Amino acid sequence: MPRLRKCSFCGLEFPQGTGMMYVKNDGTVLWFCSSKCRKNSLELNRDSRKLKWTAYYGKEEKGKA
């Protein structure tokens, strides 16, 4: 059974063998389900909590509110 991965931007679960892995210089690994999520996160620097199509829409960070 392939392991499901969770998109770092939208929160969608997708199967192993699909999607894109992005490794930052500090060693942080980001998984993206599509180029749409990758571009919104890395190139456009958008906040996933402000986009209605993401699972994180309307969620507050821990420790704030």
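Source: prediction; values computed, not measured.

Along its length, the chain carries one helix and four strands. When the elements of the chain are put in sequence order from the N terminus, they spell out β-β-β-β-α. Summarising its shape, the C-alpha atoms of the chain cover approximately 40 × 30 × 25 Å along the three principal directions. Across the chain, contacts joining residues at least 24 apart in sequence account for 31% of those joining residues at least 6 apart.

All told, the structure shown has zero disulfides when counted by the stated rule. Cysteine Cys7 is unpaired, with the sulfur of Cys10 as its nearest cysteine sulfur at 3.7 Å. Cys33 forms no disulfide, and the closest cysteine sulfur to it belongs to Cys37, at a distance of 3.6 Å.

Next up on the list: the environment of Arg3. Inspection of the secondary structure assignment puts Arg3 in the segment before β1 (4–6). Separated by 31 residues in the primary sequence, Arg3 and Ser34 place their C-alpha atoms 17 Å from one another. Once you skip the residues sitting within four places of it in the chain, Arg3 turns out to touch Phe14, Pro15 and Gln16.

Okay, the packing of aromatic side chains next. Going through the model one piece at a time under the given rule, you end up with one aromatic pair. Aromatic side chains Phe9 and Trp53 sit 5.8 Å apart centroid to centroid with 45 degrees between the ring planes, which places their arrangement in the tilted category. Note that Phe9 is positioned in the loop between β1 and β2 (13–15) and Trp53 in the segment after α1 (35–43), a separation of 44 residues in sequence. Classification of Phe9 as buried rests on a relative accessible area of 3%. The ring of Trp31 carries Arg5 above its face, with NZ or CZ at 4.0 Å from the centroid. The ring of Trp53 carries the charged tip of Lys36 above its face, separated from the ring centre by 4.1 Å.

Moving on, we get to the pairing of strand β3 (residues 20–23). Taken residue by residue, a regular strand's side chains alternate between the two faces of the sheet. Alignment of β3 against strand β4 (residues 29–32), held across four bridges, turns out to be antiparallel. Looking at the pairing, Tyr22 lines up with Leu30 of β4. In sequence, β3 turns back onto β4 through a hairpin of five residues, with Gly27 there showing a positive phi of about 95 degrees.

Calculation rules
- Residues numbered from 1 in each chain as written.
- Predicted model: local features only at pLDDT ≥ 70, side-chain atom pairs only at ≥ 80, totals over all residues.
- Heavy atoms only, no water.
- Helix = DSSP H or I, 4+ residues; strand = E, 2+ residues; numbered from the N terminus.
- Contact = heavy atoms within 4.5 Å.
- Disulfide = S-S within 2.5 Å.
- Phe/Tyr/Trp six-rings, centres within 6.5 Å; stacked < 30°, edge-to-face > 60°.
- Buried < 20%, exposed > 50% of the residue type's maximum accessible area, 1.4 Å probe, protein only.
- Lys NZ or Arg CZ within 6 Å of the ring centre and 35° of its normal.
- Pairing = 2+ DSSP bridges.

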